[in-house]
Amino acid sequence: MADAPTLPDPLPLEFQRPPRWPTPTLDWVAGNQGWEPPAGWTPVPECAPAPPGWVFWTRSEEGWPRFAEENLAPAKRSLWIGVGVFVAGLLLTVLGLAVTHNALFLVFVAAIVAGPILTIRAGSRLKEIDDGLLDRVRALAPQYKHTLQRLAYNKYLRSFGPLS
């Protein structure tokens, strides 16, 4: 069985506690990343439900970019390649470097056409990836919970000293 992933530090999402709710533990926040409580749910009976429309999770200023970068880096690279191809084709065509060579002129014009296409495709991919990252955080939360439970159990076992 594969090991559960290590916990990201800091976590990608921060829990926004509704008024008068108790502060959840870091273990709870890590193991429930992105979970949306159903309407009327409360952590303890003494609490009032969250106000209607309450936003429970926000992207961590430090943790979210770290989490997202691994997934967004290839699309960002593609975006910059598209821009570079377009700009290079445009500059070389405008500067007249291809005037004397018809074949080069066609290559530069192709770059002018291909650059924006690559850029638009990469931008669209960035949006798709960004939209899917929240689902990825939610999917990883049970694995984080498992990791935390395993660590807590190992700590518990160590409290007995060496087992023979």
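A short tour of the structure in this document, coming up. Everything numeric in this text was worked out from a predicted model, so none of it was measured. (Residues numbered from 1 in each chain as written. Predicted model: local features only at pLDDT ≥ 70, side-chain atom pairs only at ≥ 80, totals over all residues. Heavy atoms only, no water.)

## Things to note about the nonpolar core
Keep this limit in mind: Residues belong to a common nonpolar core when they are buried Ala, Val, Leu, Ile, Met, Phe, Trp, Tyr or Cys residues joined through side-chain atoms within 4.5 Å. Each residue is assigned to one of three classes by its accessible area relative to the maximum for its type, calculated with a 1.4 Å probe on protein chains only: buried under 20%, partly exposed between the two thresholds, exposed over 50%. Runs of H or I in DSSP of at least four residues are treated as helices and runs of E of at least two as strands, each being numbered from the N terminus. For this analysis, residues touch if any pair of their heavy atoms sits within 4.5 Å.
The biggest cluster of nonpolar side chains holds 22 residues, and the ones touching the most others in it are W64, F67 and L133. Secondary-structure elements contributing two or more residues to this core are β1 (13-15), α1 (26-31), α2 (63-94) and α3 (102-158). The dominant element in this core, judged by the number of residues it contributes, is α3, at 7 residues. Residues within four places of L133 in sequence aside, it is in contact with W64, F67, A68, N71 and L72.

## Describing the layout of surface pockets
Quick note on the threshold: Buried and open spaces are told apart on a 1 Å grid over the protein atoms alone, a cavity being a set of points where a 1.4 Å probe fits but cannot get out and a pocket being an open set with protein on both sides within 12 Å along at least five of seven lines. Residues with an atom within 4 Å of a point are the lining residues. Grid points are joined across faces, edges and corners, and a volume is the space filled by probe spheres set on the points.
Considered as a void within the structure, the largest pocket measures approximately 190 Å³ in volume. Along the wall of the largest pocket there are 13 residues; nearest its centre are P8, F67, E70, R136 and Y144. Residue assignment for the lining of the largest pocket shows that the elements contributing at least two residues are α2 and α3. When residues of the lining of the largest pocket are assigned to their parent elements, the largest contribution, 5 residues, is made by α2.

## Description of the environment of L11
Mapped onto the fold, L11 is located in the segment before β1. Sequence-wise, L11 and E62 are 51 residues apart; in three dimensions their C-alpha atoms are separated by 8.4 Å. Every residue in contact with L11, bar those within four places of it in the chain, is listed here: L26, V29, A30, Q33, S60, G63 and W64.

## Section: the pattern of salt bridges
The criterion, for reference: Within this document, salt bridges are pairs made up of a side-chain nitrogen of Lys or Arg and a carboxyl oxygen of Asp or Glu, the two lying within 4 Å of each other.
Going through the model one piece at a time under the given rule, you end up with 4 salt bridges. Between K76 and E69 there is a salt bridge whose closest N-O contact spans 3.2 Å. Of the residues examined, E69 reaches a relative accessible area of 35% and is grouped as partly exposed. As a salt-bridge pair, D135 and R138 come within 3.7 Å of each other at their nearest N and O atoms. Here R138 and D135 lie together in helix α3, a separation of 3 residues that amounts to about one turn. Look at D135 and you get partly exposed, because its relative accessible area is 49%.

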